[in-house]
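So the chains spell out like this:
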Amino acid sequence: MKTRIIGLLSLGLVTLTTSATYADDHAPFIKQGIWRGVFRISENEVPFNFELKGKDPEHAVFTLINGTRRDDFHVERLGKDSLFIKMNTYDAALVAKIESDGKISGEYRSLVPGLRGNSLPFTAEEGKSYRFVEPGKDIAPAADLTGKWEFKGFSKEAVPNKVAILKQVGNKITGVIMQVTGDSRELEGTVQGNEFVLSGFTGPSPKIYKGHINEDGTISGEISQGIYDNLKFTGVKDAKAELPDPYQLTHLKEGVKKLDFTFPDLNGKPVSLTDQKYKGKVVIVELVGTWCPNCTDQTVFLAPWFDKNKDRGVEAIAIGFEQKDDLEYGKYVLGKLRDKYKIKYDILFGGLADKRLVADKLPALNKFIAYPTTIIIDRKGEVREIYTGFTGKVTGKYYDEYAAKFNKVLNELIAEPVPDADYFNAQSK
């Protein structure tokens, strides 16, 4: 980490005072309490809330707040008046200066080599707990958006339908937006008259959903995804709205039963499903990326599950596809993921996070749609289930249904008999 911070300093990304104050451990530190920050994204202001605890840098914790969700990050002081907050396993950071009036100003910046030009300016002020509208300035909402909505979006190309689950209490609205690749994580916002807005920032690039309540009860608006493109959407309330079955989106090509690959692990050693370690075992293969929030949520699910079940004849492999096609970079970011979530299964580096390249490297798949994708392989080495995307706990019944089926399938496959040596000898010929 120190090497990477020094690199940031050399690029002028952190504003320091003088060298005399660099090691001033007695300088006033950032105020503890609830803060309101605001990103500037094109013409939009995207607010976010966070809490700071700890009277000094050594004990400081930065907690992002999104509805009921909390995400903690470590705060590092660089000099008398500058902060560096790494977004845990995401290769990005908040780099900021403490102003003389106690406010914070700085940037959310990519740390990926070659992508460091991508940044979002922000400011933050302590003591403000509201998200969008100051207390006492609310306008009575024109409608209650509580319920399930089918979203359809259009950009230069049609994007997959999304399903939103929203809950409104007075002016406050929270919820989650799901699509085949996963979910938005918890969003928080407000309804003011016939306008609504939700935002979310959990470490990856912030998002904002702004919309209008139409006279016919439909909604329409725009999604701004941080440093990425904006997407327009329309929404219709529909209690029966559902996404395509995630078990039916990705499958093996006709006539193919097995997955075949060889990728290096974090020590550079080539690993393949034909290795002795995996013979006769049930194997879970995860196609992930450390930059992907749904992959992180899936890791939060899988890592403790594997730790609990690893002695039952099951193995797991995470194949990371990253923002830079460089093994050393892959070792760095995937190593951070391993350490953060105490992963005890194998982690391999697959290369660049490009869906077409993933499909090329795993030609047995009919197509590759989403990070993460979960592939479950039986004791004979044959693929039995492929699940596209991941829905986190905020999705309620969808997460519960995923966890229940995952455990049911794994229990059934683990209970199957281990093929004898003759079977594997015949397969290797």
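Below, the structure is looked at part by part.

So, how was this worked out
Residues numbered from 1 in each chain as written. Predicted model: local features only at pLDDT ≥ 70, side-chain atom pairs only at ≥ 80, totals over all residues. Heavy atoms only, no water. Phe/Tyr/Trp six-rings, centres within 6.5 Å; stacked < 30°, edge-to-face > 60°. Lys NZ or Arg CZ within 6 Å of the ring centre and 35° of its normal. Axes fitted to C-alpha atoms, helices over the stretch in contact; angles between N-to-C directions. Helix = DSSP H or I, 4+ residues; strand = E, 2+ residues; numbered from the N terminus. Left-handed = near helix turned anticlockwise from the far one by under 90°. Contact = heavy atoms within 4.5 Å. Core = buried A, V, L, I, M, F, W, Y, C linked by side-chain atoms within 4.5 Å. Buried < 20%, exposed > 50% of the residue type's maximum accessible area, 1.4 Å probe, protein only.

**What about the packing of aromatic side chains?**
Per the counting criterion, the structure on display carries 28 aromatic pairs. Ring centres of F368 and Y371 lie 4.9 Å apart, and the angle between their planes is 70 degrees; on these two criteria the pair is classed as edge-to-face. Through successive ring pairs, a cluster of aromatic residues spans W35, F39, F48, F50, F62, F73, Y108, F122 and F201. Across the ring face of Y398, the terminal group of K397 is positioned such that the distance to the ring centre comes to 4.6 Å. Over the ring of Y247 we find K405; its NZ or CZ atom is 3.8 Å from the centre of that ring.

**Things to note about the packing of helix α2 (residues 293-309) against helix α5 (residues 397-415)**
Taken N-terminus to C-terminus, the directions of α2 and α5 make an angle of 35 degrees; their axes are 13 Å apart at the nearest point. In this structure, the crossing between α2 and α5 has a hand that is right-handed. Listed contacts from α5 to Q298, F301, L302 and W305 of α2 are Y399, Y402, A403, F406, N407 and L410.

**Focus on the environment of L166**
With respect to the secondary-structure elements, L166 resides in strand β11 (residues 162-169). A sequence separation of 20 residues divides L166 from T146, and the C-alpha atoms of the two residues are 5.0 Å apart. Among residues more than four places away in sequence, those in contact with L166 are L145, T146, G147, W149, I173, T174 and G175.

**Some remarks on the nonpolar core**
Core analysis: the biggest nonpolar cluster contains 59 residues, and L259, F261, V285, L287, I319, I375 and F406 have the highest contact counts within it. Mapped by element, the contributors of at least two residues to this core are β21 (282-288), α2, β22 (314-322), α3 (327-341), β23 (346-352), β24 (373-377), β25 (383-388) and α5. Here this core takes eight residues from α5, the largest share from any one element. With near-sequence residues (within four places) excluded, I375 lies in contact with L259, V283, I284, V285, L287, L365, V383, E385 and I386. If you look at the next biggest cluster of nonpolar residues, it comprises 31 residues, including F39, L52, L64 and L83.

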